[in-house]
Amino acid sequence: CTFVNPGIHIPDRVSALTGITDDMVKDAPPIDSALDDFLRFAGDAVLVAHNAPFDIGFMRAAAKACGKPFDFAFIDTVPLCRALFPELKNAKLDTVAAYLNLPKFNHHRASDDAKTLALILAHILKRLMSERGLESLGQLNRALAGADPKKLRPYHMILLAKNFRQYMM
């Protein structure tokens with residue numbers, strides 16, 4: 001795990017949220033070097049993230065800016081948590097961790113978040129194996145079938161609008 005030197009000042013609001021300051025990243029590698037290391041580390045693995053579209057979006061943008069491919073398959077644990085823990089008011093990482101009685105962690109720090117997410121994913125997969133017969137990641141979507149569609153959050157909406165006035169004459 002490494003910090004990345006963004007080459008610009010870290011905004012105060014980001015430092016307040018993450019605890020990461022300019023001084024902490026001044027000797028860190030630039031994004032292209034850190035990205036190369038990450039791509040070697042990840043290989044052809046399936047990535048896992050909590051609110052994956054957010055994180056994957058940043059990674060794709062960084063890869064594109066560095067002229068590198070980034071076409072990983074990924075699992076987003078947010079919809080998994082929403083489907084398996086509908087009693088929770090939200091599916092934030094710290095909310096799910098507390099619900100599962102996981103150890104306290106330093107939220108918004110990569111190593112702590114990753115460790116906590118690994119514990120959450122292990123719990124999710126064990127539950128899906130025991131309750132829904134999950135045997136492989138390829139069965140993940142089928143294992144979650146039957147979720148209440150009214151409680152699922154859409155990622156997009158298609159809206160068709162037509163001028164019906166012309167048909168009224």
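Calculation notes
Residues numbered from 1 in each chain as written. Predicted model: local features only at pLDDT ≥ 70, side-chain atom pairs only at ≥ 80, totals over all residues. Heavy atoms only, no water. Helix = DSSP H or I, 4+ residues; strand = E, 2+ residues; numbered from the N terminus. Buried < 20%, exposed > 50% of the residue type's maximum accessible area, 1.4 Å probe, protein only. Contact = heavy atoms within 4.5 Å. Core = buried A, V, L, I, M, F, W, Y, C linked by side-chain atoms within 4.5 Å. Axes fitted to C-alpha atoms, helices over the stretch in contact; angles between N-to-C directions. Parallel < 35°, antiparallel > 145°, perpendicular 65-115°, else oblique. Left-handed = near helix turned anticlockwise from the far one by under 90°. Nonpolar A, V, L, I, M, F, W, Y, C, P; charged D, E, K, R; others polar. Expected span 1.5 Å × (residues − 1). Arc of directions from axis to C-beta. Salt bridge = Lys/Arg side-chain N within 4 Å of Asp/Glu carboxyl O. Phe/Tyr/Trp six-rings, centres within 6.5 Å; stacked < 30°, edge-to-face > 60°.

### Considering the environment of Leu125
Mapped onto the elements of the fold, Leu125 is located in helix H7 (residues 110-132). On the basis of relative accessibility, which here comes to 21%, the residue Leu125 falls in the partly exposed class. C-alpha of Leu125 to C-alpha of Ser136: the two residues are 11 residues apart in sequence and 9.5 Å apart in space. Ignoring anything within four residues of it in the chain, the contact list for Leu125 reads Leu134 and Leu137.

### Considerations on the nonpolar core
The biggest cluster of nonpolar side chains holds 21 residues, and the ones touching the most others in it are Cys81, Phe85, Val96, Ile120, Ile124 and Leu128. Elements supplying a minimum of two residues to this core: helix H5 (77-84), helix H6 (93-99), H7 and helix H8 (140-143). If we skip the residues at most four places from it in the chain, Cys81 touches His50, Pro86, Ala91, Val96, Ile120 and Ile124. Leu39, Ala42, Ala49 and Phe70 belong to the second-largest nonpolar core, a separate cluster that totals 10 residues.

### A look at the packing of helix H3 (residues 31-42) against helix H4 (residues 52-65)
When two helices pack together, you describe them by how their axes are tilted relative to each other and by the distance separating the axes. Taken N-terminus to C-terminus, the directions of H3 and H4 make an angle of 115 degrees; their axes are 10 Å apart at the nearest point. The orientation of H3 with respect to H4, classified from their angle, is roughly perpendicular. Considering the relative orientation of H3 and H4, their crossing is left-handed. For the pair H3 and H4, the contacting residues are Ile31, Leu35 and Phe38 in the first and Met59, Ala62 and Ala63 in the second. Of the residues belonging to the contact of H3 with H4, the class tally is six nonpolar, no polar and no charged.

### Overview of H4
With 14 residues, H4 should cover 20 Å at 1.5 Å per step; its first-to-last C-alpha distance of 20 Å lies within 8% of that length. Of all the residues in H4, the buried ones are Ala52, Ile56, Ala62 and Ala63. Projected down its long axis, H4 carries its buried residues within an arc of 125 degrees, all on one side. Set apart from the buried face of H4 by more than 90 degrees, the exposed residues are Phe58, Lys64 and Ala65. Downstream of H4 by a residue or two, Gly67 has a phi angle that is positive, lying close to 70 degrees.

### Comments concerning the pattern of salt bridges
Within the structure shown, the criterion is met by four salt bridges. Where Glu131 meets Arg127, a salt bridge forms, and the shortest distance between an N and an O atom there is 3.2 Å. Of this pair, Glu131 and Arg127 both sit in helix H7, four residues apart, which is roughly one turn of that helix. Accessibility expressed as a relative area gives 23% for Arg127, which makes it partly exposed.

### Some remarks on the packing of aromatic side chains
Applying the stated rule across the entire model yields four aromatic pairs. An angle of 55 degrees between the planes, with centres 5.4 Å apart, marks the rings of Phe85 and Tyr99 as tilted. You can see Phe85 sitting in the loop between H5 and H6 and its partner Tyr99 sitting in helix H6, a full 14 residues away along the chain. You can call Phe85 buried: its relative accessible area is 2%. Judged by its relative accessible area of 36%, Tyr99 falls in the partly exposed class. Through successive ring pairs, a cluster of aromatic residues spans Phe38, Phe70 and Phe72.

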